[in-house]
Amino acid sequence: MNSQTLAGASSTRSNPLCRAFRPWCLLLLFLALSPVLGHAQKVQAQTPGAEPKPEPAVAAIFAAFDQYEVVGMPEAHGMKDIDDFLLSLIRNPVFPEKVNDIEVECGNSLYQGVLDRYIAGEDVPFAEVRKVWRNTTQVMCSTSGFFEQFFPLIRSINQKLPAEKRLRVLAGDPPIDWDQVKTVEDYRKFSNRDASIASVMEREVLSKHRKALMMFGTFHLLHGAPDAVSIYEKNYPNVTFVIADSGLFNTGSTASPENPFIGWQPGSLAKIRNTWIADLGINSFFPPPIMIDQDCKVKSEFPKEMQQNMGKIVDAILYLGPQDLRLKEQMPADIALDIDYMTELQRRESLTGFPGAKTRTLEEINRQIVNSASNPLLATPRPPDLKLFARNCLDRKNSNAGH
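Conventions used here
Residues numbered from 1 in each chain as written. Predicted model: local features only at pLDDT ≥ 70, side-chain atom pairs only at ≥ 80, totals over all residues. Heavy atoms only, no water. Helix = DSSP H or I, 4+ residues; strand = E, 2+ residues; numbered from the N terminus. Polar contact = N/O pair within 3.5 Å; in protein donor to acceptor, adjacent residues only side chain to side chain. Contact = heavy atoms within 4.5 Å. Phe/Tyr/Trp six-rings, centres within 6.5 Å; stacked < 30°, edge-to-face > 60°. Buried < 20%, exposed > 50% of the residue type's maximum accessible area, 1.4 Å probe, protein only. Axes fitted to C-alpha atoms, helices over the stretch in contact; angles between N-to-C directions. Parallel < 35°, antiparallel > 145°, perpendicular 65-115°, else oblique. Nonpolar A, V, L, I, M, F, W, Y, C, P; charged D, E, K, R; others polar. pLDDT = per-residue confidence, 0-100. Salt bridge = Lys/Arg side-chain N within 4 Å of Asp/Glu carboxyl O.

**Student:** Looking at this structure, how should I read the side chain of S246?
**Tutor:** Assignment of secondary structure puts S246 in the loop between β7 (240–245) and β8 (268–271). Here the side chain of S246 touches R326 through a polar contact of 2.9 Å, side chain to side chain. Setting aside chain neighbours within four positions, we find S246 in contact with F261, F285, I317, L318, Y319 and R326.

Okay, here's the thing in structure tokens:
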């Protein structure tokens, strides 16, 4: 078994279990929440540096396109507030004046031709085009209500634009064909997602001197980290403006004098260069990932190459409001009620090789979906049991050895 890494805020939200089992994934997202937040607030008081200056986020993003070829920011991953902000940004009439392309995490590059025809307004059956986001390496994408809205929205926007202004959507995920994936080894052939993302950016955007919005989990976007942006920055440095959401720093009470976002308006963006935020470590904003090695030893920490100050990996922070008032994205009913499709997602989950993966019955999945819908707020769950991760890993390893 290869070493497995569940990478913090971004990749844990992207885990194949996340959409059907959001509470489990949020356990990873907010791992060690209280000690990390407390540490961050103490660092704030001790760190010199200017105060960040929040400004209206939509205008700030459009201004960034005047200086950069690419703006990267988080999307979907079950966080409805980010979804709603992105839809508002894209619907703004200024957007097509600033942007040529949108590269998305939830897009299987195998279907780029189908996607191009659909986005251009051609007569493509919806059942055909939805393979673009339903058949990626990430089951998270397969159950996304956001992307069910996003692709038709871009198609509709394009129908109102002259040909030279129309947006193109680029699928960044590897070209996996799930009909041909029968084993864990088959699935792992498509595991190098960052290389695929970077390749699409270089070939379709940067080499053509176009402007692009990248919509990905944050941990695909960081400068100087083992991710997609850092891969193409070797050939195209200083062309990308990276935005992160406010993460753990926004989990305290708005009445607390230690909350750094008091006075910020929801929908604000602040550049962090030369501010006290830039001097904070990544742990101040994101919980460390759970990492499981080939011997099923579990630890929770960032890899050394990611243990950097925020100012080196991120350019700006997006603030969308108090964490305790944020909403989570619910699974669309047309997906939850499609028994054949949910059964196929179970099959895919079993082939991911994820150490904690465990096939549930459809009845169990439905119960979890209903329970999730009973509370629309993005709650902070209890931290996960690391011993349970180790035990699940050993069980899977022993099961594989028996075959």
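**Student:** What is the right way to look at the packing of aromatic side chains in this model?
**Tutor:** Two descriptors summarise a pair of aromatic rings, namely the distance from one centre to the other and the angle between the planes of the rings. For the coordinates displayed, the defined rule picks out 14 aromatic pairs. Ring geometry for F146 against F147: centres 4.8 Å apart, planes inclined by 80°, an arrangement best described as edge-to-face. A single burial state applies to F146 and to F147, both of which are buried. Members of the aromatic cluster, each reached through a chain of ring pairs, are F126, W133, F146, F147, F150 and F151.

**Student:** Teacher, can you tell me more about the packing of helix α17 (residues 339–350) against helix α18 (residues 362–373) here?
**Tutor:** When two helices pack together, you describe them by how their axes are tilted relative to each other and by the distance separating the axes. Remark: α17 packs on α18, axes separated minimally by 11 Å, with the N-to-C direction vectors making an angle of 100°. With respect to their mutual orientation, α17 and α18 come out roughly perpendicular. Along the contact surface, α17 presents I339, M342, T343 and Q346, while α18 presents L362, I365 and I369. Of the residues in the contact of α17 with α18, the class split is 5 nonpolar, 2 polar and no charged.

**Student:** Can you walk me through the environment of P74 in this structure?
**Tutor:** Here P74 shows up in the loop between β3 (70–73) and α5 (80–91). Overall, the relative accessible area of 3% leaves P74 in the buried class. Placed 147 residues apart in sequence, P74 and L221 show a C-alpha to C-alpha distance of 8.5 Å. Once residues within four sequence positions are removed from consideration, P74 is found in contact with I82, L86, F216, T218, L221, I243, A244 and D245.

**Student:** Looking at this model, I keep getting lost on the confidence of the model for the protein. Mind explaining?
**Tutor:** A low pLDDT score tells you not to read the predicted coordinates there in detail. Overall, the prediction assigns the protein a mean pLDDT of 83, with 81% of residues at 70 or greater. Under a pLDDT of 50 for its full length, residues 1–46 has, in the predicted model, 136 contacts with residues more than four places off or in other chains. Here residues 252–257 is a poorly scored stretch, pLDDT under 50, and it has 8 contacts once near neighbours within four places are set aside; other chains count.

**Student:** I keep staring at the pattern of salt bridges and nothing clicks. Help me out?
**Tutor:** Opposite charge on two side chains permits pairing when their charged atoms draw close. Overall, the coordinates contain 18 salt bridges when judged by the stated rule. One salt bridge connects E105 with R193, and the closest N-O pair in it is separated by 2.6 Å. One end of the pair, E105, is in strand β4 (residues 101–108); the other, R193, is in helix α13 (residues 193–204), and 88 residues separate them in sequence. For the pair shown, E105 and R193 are each scored as buried. Here the salt bridges share partners, and the residues they tie into one network are D116, R168, R203, E204 and K208.

**Student:** I tried to follow the environment of K328 on my own but got confused; where do I start?
**Tutor:** Along the chain, K328 falls in the loop between β11 (316–319) and α16 (333–336). With relative accessibility at 11%, the residue K328 sits in the buried group. Along the chain, K328 and H77 lie 251 residues apart, while their C-alpha atoms are 9.0 Å from each other. With near-sequence residues (within four places) excluded, K328 lies in contact with G78, K80, S372, N375, P376, L377 and L378. Within the local environment of K328, its side chain forms a polar contact with the backbone oxygen of S372, the two atoms lying 3.1 Å apart.

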